Amino acid sequence: MPQKQDQPLTGFENLDLSDEIMRAVAKMGFTQATPVQEKTIPIMMEGHDVIAIAPTGTGKTCAFGIPMLEYISLTDTRIQELVLAPTRELAQQIGDEMTKLAAFIPEVRIAVLYGGQPISKQLNQLKRKPQIIVATPGRMLDHMQRGTARLDAVHTLVIDEADEMLKMGFVKDVCRIIEAIPPQRQFVMFSATTNQDVLTISWKYQHDPVEITIPATQENKPRIAQYVIPTERQIKQEHLQYLLDSNVYNRVMIFTNTKDMCRRLSERLNKLGYQTEALHGDIPQSKRNQVMNGFKRGKFPILVCTDVAARGIDVFDVEAVINYDLPNENEYYLHRIGRTGRARRHGVAFTLLCFTERVRLDEILKYMDAQPTYLHFDDMGILRDQDDKPFFENI
């Protein structure tokens with residue numbers, strides 16, 4: 001069984017970090033370590049295997065990224081550290097975060113490998129002899145089979161969002177990658193939830209792992225006000241426009257369940273004068289990168305997306321999430337609303353709820369252990385709160 005870890009919380013200044021990392025952390029605007037960082041960093045620095053269960057948006061990349069950078073050998077040009085991520089978007093995000101953490105360690109080279117990107121571009125990254133690889137499992141296996149990436153010198157393996165990765169069917173790929181790495185290595189898994197696949201991988205491949213569990217307490221869980229607005233299918237878009245016309249939220253993510261609805265809703269809103277872009281699985285990777293970079297840089301205020309964007313995308317100042325469709329999976333609701341309220345900011349999430357979806361919402365709320373606030377439109381089309389006061393007058 002994993003060892004339980006309940007050590008007291010400390011700040012970055014007490015974690016015995018190098019000057020280079022402390023400067024990078026300060027440059028990134030972090031003044032206080034999150035609980036998952038405070039607990040994970042010392043344990044990883046001591047070389048233990050770790051299985052960490054932590055809510056989304058709690059700073060997991062820095063939790064494993066900082067120790068990896070602290071004990072990397074800058075004179076060794078082989079691949080020393082590998083991070084596996086379930087999606088291209090998450091791999092890119094981790095690569096960006098690791099690059100920021102290494103801002104004052106110029107000798108560090110990081111390569112990000114994922115499907116949908118030209119193989120020639122990735123081969124050029126690998127020719128630079130990176131010490132750190134961030135990859136999706138399929139593309140990592142591809143490079144292993146090509147002989148363009150060897151893992152026989154890897155001393156730290158991190159699997160991020162292990163629950164999602166294994167749920168997506170990557171179990172065999174992940175096992176093949178683990179077995180290509182020397183057995184005497186550090187193996188760290190981060191997961192939002194535990195499931196049988198996660199526990200099986202831990203039992204099979206980890207050595208006396210330290211278990212770190214970060215509950216979703218008031219201190220670390222995203223501060224998200226959740227609202228439910230009963231609506232009807234034929235007027236749902238009208239109610240969506242009401243929220244967008246409030247001029248309260250400058251950066252909004254709207255979630256739909258299907259690629260077709262995502263595309264059609266974005267096109268309709270654009271015709272009505274809103275600035276939106278669509279993000280879904282049928283969009284080529286190069287275009288997806290362009291859309292996400294544009295959204296991060298504020299080139300347009302509204303992103304309409306499917307659950308392809310619900311995980312692994314960090315835009316720290318998303319002010320509101322709108323569930324245009326109620327998600328089909330309980331966890332998707334959590335990951336959607338987790339796009340707002342990040343980095344200890346306040347966020348807001350609206351769900352436009354049709355009558356036929358009420359039982360489904362009850363299941364989600366039971367899973368979330370959440371009690372949202374119900375709003376309603378009056379006969380004049382004004383959104384009101386539970387006290388029958390105009391909602392946006394009190395924001």
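Residues numbered from 1 in each chain as written. Predicted model: local features only at pLDDT ≥ 70, side-chain atom pairs only at ≥ 80, totals over all residues. Heavy atoms only, no water.

## Thoughts on the pattern of salt bridges
Quick reminder of the rule: Definition used for salt bridges: Asp or Glu carboxyl oxygen within 4 Å of a side-chain nitrogen of Lys or Arg. Labels follow the DSSP assignment, with helices taken as runs of H or I lasting at least four residues and strands as runs of E lasting at least two, numbered in each case from the N terminus. Think of it in three bands: with a 1.4 Å probe and only protein chains considered, a residue is buried below 20% of the maximum accessible area for its type, exposed above 50%, and partly exposed in between.
Summed over the entire model, instances satisfying the criterion amount to 13 salt bridges. Between Arg288 and Glu89 there is a salt bridge, with its nearest N and O atoms 2.3 Å apart. Highlighted residues: Arg288 in helix α12 (residues 285-296) and Glu89 in helix α4 (residues 88-101), separated in sequence by 199 residues. Of the two residues examined, Arg288 and Glu89, each falls in the buried class. When the shortest N-O distance is used, the salt bridge between Arg150 and Asp152 registers 2.7 Å. Taking relative accessible area as the criterion, Arg150 reaches 57% and is therefore assigned exposed.

## Describing the side chain of Gln131
Heads up, the rule is: Within 3.5 Å is the distance limit for a polar contact, defined as a pair of N or O atoms, with the added protein rule that one can donate a hydrogen and the other accept it, and that residues adjacent in sequence qualify only through two side-chain atoms.
Looking at the secondary structure, you find Gln131 in the loop between α5 (119-127) and β5 (132-135). Residue class for Gln131 comes out buried when judged on its relative accessible area of 0%. There is a polar contact of 2.7 Å between the side chain of Gln131 and the backbone nitrogen of Arg109.

## Considering the pairing of strand β11 (residues 276-279)
Within a regular strand, side chains alternate between the sheet's two faces. For the record, the criterion: Think of it this way: DSSP has to see at least two bridges between two strands before they count as a pair. For crossovers, right-handed means that the path from the first strand over the helix to the second runs clockwise, given strands pointing away from the viewer.
Here β11 runs beside strand β12 (residues 302-305); their pairing, made up of four bridges, is parallel. Paired with Glu277 across the bridge in β12 is Leu303. For the crossover that starts at β11, traverses α12 and ends in the parallel β12, the hand is right-handed.

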